[in-house]
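# Reading the structure
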Amino acid sequence: MTHAYLSRMVTDGSDEAAWLRARSRGITATDVAKLNSVNAIPNAAREKLRGSSFTGNVFTEHGKTREPVIAAWVQENYGILPSSALFHAADDQRHLATPDGVAVLEGAVTLAEIKTSGKPFEGVPAGYLRQVYWQQYVLGAER
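Throughout what follows, the structure given in this document is the object of discussion. (Residues numbered from 1 in each chain as written. Predicted model: local features only at pLDDT ≥ 70, side-chain atom pairs only at ≥ 80, totals over all residues. Heavy atoms only, no water.)

### Re the overall build of the chain
Selection rule: What counts as a helix is a DSSP run of H or I of at least four residues, what counts as a strand is a run of E of at least two, and both are numbered from the N terminus. In this treatment the radius of gyration is a C-alpha quantity, and the globule benchmark scales as 2.2 Å times the residue count to the 0.38 power. Three labels apply to residues, based on accessible area from a 1.4 Å probe with only protein chains included: buried if under 20% of the type maximum, exposed if over 50%, partly exposed otherwise in between. Contacts are assigned to residue pairs that have any heavy atoms within 4.5 Å of one another. Surface exposure here means Shrake-Rupley accessible area, sampled with a 1.4 Å probe, where a residue is shielded only by the protein chains that are shown. All tallies of charge rest on Lys and Arg as positive and Asp and Glu as negative; His and the ends of each chain are not included. Taken as the charge location is NZ of Lys, CZ of Arg, CG of Asp or CD of Glu.
In terms of helices and strands, the chain carries five helices and six strands. Helices and strands in the chain line up, N terminus first, as β-α-α-α-α-β-β-β-β-β-α. Computed over C-alpha atoms, the radius of gyration of the chain comes to 15 Å, within 12% of the 15 Å expected from 2.2 N^0.38 for 143 residues, which places it in the range of a compact globule. Principal-axis analysis of the C-alpha atoms gives the chain an extent of 40 × 40 × 30 Å. Looking at the chain as a whole, 34% of its 143 residues are labelled buried. In the chain, the proportion of contacts linking residues at least 24 apart, taken out of those at least 6 apart, comes to 62%. Accessible surface for the chain amounts to roughly 9400 Å². Of this, 55% is attributable to carbon and sulfur atoms. In the chain, which carries 15 positive and 15 negative side-chain charges, the distance between the mean positions of the two groups comes to 8 Å.

In structure tokens form, the structure reads like this:
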């Protein structure tokens, strides 16, 4: 059975330059996660036009190191396969998302988003919720 979201793959993520170029042409789940103030939209637009100067830090490096380990655990325990693919929404090709994992479980598209932290959460941060909700919208995922 072919699932509709697969036909909306923009790039599989294996070519980072192509992935970055495609992301620059739309609104990503990462962009949506940052929409927390009146300045957020102009800042996101500026980054789309000029590019971002952010190249990473110790926290992003930690996440990059841990993500494959966590993704393997998610796959083993939940059957959600790791993914680096970029997808667009059914109704707007500018609406984009790259979930960390995707599977079809019991007929429903199911996503995984992996986050690492140096401290326990008191709850799920609002930006993470916005990111996951956007991913669900783009892929038509139920959970």
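We are not done yet, so read on.
### Things to note about the environment of Thr28
As for its position among the elements, Thr28 is in the loop between helix 1 (16-23) and helix 2 (29-33). The exposure class assigned to Thr28 is buried, which follows from its relative accessible area of 0%. Put simply, Thr28 and Trp134 are 106 residues apart on the chain and 8.0 Å apart in space, counted from C-alpha to C-alpha. Not counting the four nearest positions on each side in its chain, Thr28 is found in contact with Arg23, Lys48, Leu96 and Trp134.

### Some points on empty space enclosed by the protein
Rule in force here: Residues are said to line a cavity or pocket when one of their atoms sits within 4 Å of a point; the points come from a 1 Å grid over protein atoms alone, cavities being sets where a 1.4 Å probe fits but cannot get out and pockets being open sets with protein on both sides within 12 Å along at least five of seven lines. Grid points are joined across faces, edges and corners, and a volume is the space filled by probe spheres set on the points. Lys, Arg, Asp and Glu make up the charged group, whereas Ala, Val, Leu, Ile, Met, Phe, Trp, Tyr, Cys and Pro make up the nonpolar group; the residues left over, Gly among them, are polar.
All told, the structure shown has one cavity of 30 Å³ or more when counted by the stated rule. When its volume is computed, the largest cavity comes out at roughly 30 Å³. Every residue along the wall of the largest cavity is listed here: Ala71, Val74, Ile80, Leu81, Pro82, Asp100, Gly101, Ala112 and Ile114. Looking at the lining of the largest cavity, the elements with two or more residues in it are helix 4 (58-78) and strand 2 (81-82). A breakdown of the residues in the lining of the largest cavity according to their chemical character gives seven nonpolar, one polar and one charged.

### Here we look at the sheet that holds strand 5 (residues 101-105)
Heads up, the condition is: Following DSSP output, two strands are said to pair if at least two bridges run between them.
With respect to topology, three strands assemble into an open sheet ordered 2-5-6, the strand pairing being antiparallel. Two strands bound the open sheet, and with one partner strand each, they are strand 2 and strand 6 (108-112). Pairing analysis gives five bridges linking strand 5 to strand 6, with the strands arranged antiparallel. Counted as the bridge partner of Leu105 is Ala108 from strand 6.

### Here we look at the nonpolar core
Selection rule: Within this scheme, the nonpolar core is defined by two criteria: the residues are buried Ala, Val, Leu, Ile, Met, Phe, Trp, Tyr or Cys, and they are joined through side-chain atoms within 4.5 Å.
In this structure, Phe87, Val102, Val109, Val138 and Leu139 are the most contacted members of the largest nonpolar core, which totals 14 residues. Breaking this core down by element, the ones donating at least two residues are helix 2, strand 6 and helix 5 (126-139). Top element by residues in this core is helix 5. It accounts for three residues. When sequence neighbours within four positions are dropped, the list of residues in contact with Val102 reads Tyr5, Ile80, Leu81, Ser83, Phe87, Val109, Thr110, Leu111 and Leu139.

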